[in-house]
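# Geometric and topological summary
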Amino acid sequence: MSPLEVLQLVGYSIGAGLPLWMGIQLFSRRRKLNSIERLLFALALTMFGWHLSNLLVTLHGLFGFRYDNWAPVLRAVDTLAVISITFAYSFLLHVHLLLWANVASNRSLTLFEKFRLALSYGPILFLPIAIYKIWDGVYAPMYSAVNFLVLPMAVWITYVLVVIAATELLIARKSTNLSEQRILRTLAISFLGIGAVILAALA
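Residues numbered from 1 in each chain as written. Predicted model: local features only at pLDDT ≥ 70, side-chain atom pairs only at ≥ 80, totals over all residues. Heavy atoms only, no water.

### Quick word on the overall build of the protein
Helix and strand counts for the protein come out as 8 helices and 0 strands. The globule rule puts the C-alpha radius of gyration for 203 residues at 17 Å, and the 18 Å found for the protein is close to it. Considered along the principal axes of its C-alpha atoms, the protein spans approximately 55 × 40 × 35 Å. In the protein, which comprises 203 residues, the proportion classed as buried is 39%. When contacts within the protein are restricted to residue pairs at least 6 apart in sequence, long-range pairs at least 24 apart make up 71% of them. Positive and negative charge centroids in the protein, built from 15 and 8 side chains respectively, lie 12 Å apart. (Helix = DSSP H or I, 4+ residues; strand = E, 2+ residues; numbered from the N terminus. Rg over C-alpha atoms; globule rule 2.2 N^0.38 Å. Buried < 20%, exposed > 50% of the residue type's maximum accessible area, 1.4 Å probe, protein only. Contact = heavy atoms within 4.5 Å. Lys, Arg positive; Asp, Glu negative; His and termini not counted. Charge placed at Lys NZ, Arg CZ, Asp CG, Glu CD.)

Structural data, given as structure tokens:
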């Protein structure tokens, strides 16, 4: 097992475990959840689906299974991955728009923010195309099957993370708690770093 394979195995296992734990915690008090917490539950499910699918693909490679024997299973796993990652960043942007309006500004969404919210789910329109390409023809790994969508998705993810980082900084400016300000600014820098890495890796 190579160091990269170990890193993938550990990373995807943790990546699947953490949102699963968060989802279970939210589900246990499902009758008391507010709108943001319900979105967080949906976000946790999509992040779990994304990391679980990557973990299954990694295990498939580690055990040396043939692609032709496992093609239907791998197509299903890739479909889960595409659906999860597409919804995840839309949910993430949705959560931060609500945090800015409802929590930081103590108001409802403006008309412009509602328009931005509707646009944040735009990538879902391309899901049928991606799923069709995954199931069409001879099986190919996900990034090969939907390679024409990888760069647009990388740009979309980077845009979402930049908007989220800006939102974190704006919320930090409104906060009177110095510790909370530092945490929010650290998160903003982290989101920008993650966006840069994703853009570089996928593009």
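### Quick notes on the packing of helix α3 (residues 67–104) against helix α5 (residues 127–135)
Relative to each other, α3 and α5 sit at 160°, their axes nearing to 9 Å. Taken as axis vectors, α3 and α5 run roughly antiparallel relative to one another. Considering how the two elements wind past one another, α3 and α5 form a crossing that is right-handed. Contacts between α3 and α5 involve Pro 72, Arg 75, Ala 76, Asp 78, Thr 79, Val 82, Ile 83, Thr 86 and Phe 87 on the former and, on the latter, Leu 127, Ala 130, Ile 131, Ile 134 and Trp 135. (Axes fitted to C-alpha atoms, helices over the stretch in contact; angles between N-to-C directions. Parallel < 35°, antiparallel > 145°, perpendicular 65-115°, else oblique. Left-handed = near helix turned anticlockwise from the far one by under 90°.)

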